[in-house]
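Here's the letter readout for the chains.
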Amino acid sequence: MADTLDSPGGFVPFYTGEKALTLDMERVGTLYEQTIYHALANTLLTDTTGDPISGLVGAGCVVSVTGALAVSVAPGFGMYYDSTVTDAFESSYLPIVVPSAVAKSIAAHDATKPRFDIISVGPDVDLAEDESRNFKDPSTLVVSASTVKKLSKYSYVCTVTTGTAEVVPLDPATPTGHIAIARVRVPATSGTVTVDDLRPILTLSRDVGKDPCSDYAASFVPGTSTECEVTQSSTPSMILNVAGGEVVIGGVRRRMKRGTVTVTTAHATLARIDTVVANQIGTYSVVAGTAAGSPVAPTLTSSQLALAFLTVAALDTAIGTADILDARQRKPISALSLQTDCVTSAQIQALAVDTAELATSAVSTAKIASLAVTTAKIDDLAVTTAKLASDSVTTAKIVAGNVTGVKMSVVPVIPTLTIGSEIANVRAITIQAKDADGNNVSRVVRMELQVLANTGIPVTSGAEYTITIGASGTEVTPTTSATVSPRPYMMLDTNSSGQAQVTLTDAATGSNRGVWLRVLPFNTPGSPAVGDCGFN
């Protein structure tokens, strides 16, 4: 019988009548187990380079805060790959099984400085004790006792590694054989901790995923708007989060695990621009720019794809959302390369499509969904006369109240008259210029005033009625003509609020004298107003 095996998937030969020992059974079971694990590792659980990786499945083992210095690790399942294993009978890919939530306590705050702690999980196997079993030797028919192992089960270990309190803290080392699943940010002195999710998520490898090795003319980020997105930490620092997703670099499509990147220390006096990149080997990193008075982004290689530009100010200790400029590029889309419903709105990045990228007649009425275009989506001056087809705007398409005076290039003026009571044959009259919506016009308006007899005929002699300027407005007279005063007419300019005041006097007193005052806007579209100014 063979004692060792060169590789998983080998076999143990038995001879007719030979007694099968406990060790033999365990080895045969281990072979089947190893065959499954290695098949899993080599087909599914691999990174973009094809190497086996460790990670968690789905939403398993999420860490959440439960108290000021307390967190909880959710149930979950993962796989840990031990690259140091060489024995064919020892598992190199071990499951991590967390059957129920795990409560963990965080060490007390440092008195003056913050720190980072790391929560990690690793595989463990609960082995039952040995027990004695009776076996019958087929050659001698003698029954004798033999020691065997009971069944074993896969379990887990969960550890909190306390970091060192520093002005700018760093992550402590993850214990050997563990997977880091969360960074716990412990503030100085007091306060509730916060958590950054560090879990590596297992996904299908590039060998069985869609479109694994297609050639592309340019590098870009396909998928939805959140793939490979760079965001600030939950508590802003020099560590940034990068979402998982797909990238195309150098013509090859790769799948990226989510992760974090660390920005190097800021310059003492100058700013710089850094670039977060996806690398062709399947990792994220930060390419630091050169600090300068007018900094520019660093030059990248063909094996790097820009995801975000970072503004790193002098003495900066934290990168926030305002410092992150999205640099991800999307692949140009043509109708010939699309299947029905292939591209959704979630896959088109904001501002990704501009007018220059739209071919003539590319967007037609049939391609615009009902309610797709709202007022909020139309920029000021976006719709011009040249962009409107003949008869495209009809009365039926105009909502009531949609066209107002303030929306028109020339605002029509309609005067309103407020006529005061007669006092000693005099009436004070306030004139206010308004638009078609009834709003006050906030500009100077020139107006003509004319007294009309009760028959509607203009009064020409100032011997009967006279108009004089009041507390607001300015009388306007020709510069080369003789002034005739008093008179029953006037040309005036309102003040900047569109208002003027005049007085109308009954010069030839008498009872029940009917008279009108007509006000007509000049040099601007509008309608006249007429007010009853009778005298007793």
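Note that the coordinates shown come from a computational prediction; the quantities given were computed from them, not determined experimentally.

### Notes on unusual backbone geometry
(1) Moving on: Phi angles above zero are rare outside glycine, and Leu-371 is one such case at about 70°.
(2) Moving on: As for its placement among the helices and strands, Leu-371 is situated in the loop between β21 (324-326) and β22 (414-419).
(3) Moving on: In this structure, Asn-523 is a non-glycine residue whose phi angle is positive, near 60°.
(4) Moving on: Note on placement: Asn-523 falls in the loop between β29 (515-522) and β30 (529-532).
(5) Moving on: In this structure Asn-523 comes out as exposed when scored by relative accessible area, which is 71%.

### Digging into the confidence of the model for the protein chain
Low-pLDDT stretches of the model should not have their predicted coordinates read in fine detail.
(1) Moving on: Looking at the protein chain as a whole, the pLDDT averages 82, with 79% of positions reaching at least 70.
(2) Moving on: By mean pLDDT, the top-scoring element of the protein chain is strand β3 (residues 70-73) (97), and the lowest-scoring one is helix α1 (residues 22-43) (56).
(3) Moving on: Here residues 332-337 is modelled with pLDDT under 50, and outside its nearest four sequence neighbours on either side it reaches two contacts, counting other chains as well.

### Examining the pairing of strand β6 (residues 102-105)
(1) Moving on: Only one face of β6 is buried: it carries Val-102 and Lys-104, and the other face, with Ala-103 and Ser-105, is open.
(2) Moving on: Bridge analysis of β3 against β6 gives four bridges, and the strand direction is antiparallel. Looking at β6, one finds that Ser-72 is bridged to Ala-103.

### Brief notes about the packing of aromatic side chains
(1) Moving on: Under the counting rule described, the total for this entry stands at one aromatic pair.
(2) Moving on: A cation sits over an aromatic face here: Arg-183 above Phe-116, 5.7 Å from the ring centre.
(3) Moving on: Directly above the aromatic system of Phe-535 lies the positively charged group of Arg-427, at a separation of 5.7 Å from the ring centroid.

The rules we used
- Residues numbered from 1 in each chain as written.
- Predicted model: local features only at pLDDT ≥ 70, side-chain atom pairs only at ≥ 80, totals over all residues.
- Heavy atoms only, no water.
- Helix = DSSP H or I, 4+ residues; strand = E, 2+ residues; numbered from the N terminus.
- Buried < 20%, exposed > 50% of the residue type's maximum accessible area, 1.4 Å probe, protein only.
- pLDDT = per-residue confidence, 0-100.
- Contact = heavy atoms within 4.5 Å.
- Pairing = 2+ DSSP bridges.
- Phe/Tyr/Trp six-rings, centres within 6.5 Å; stacked < 30°, edge-to-face > 60°.
- Lys NZ or Arg CZ within 6 Å of the ring centre and 35° of its normal.

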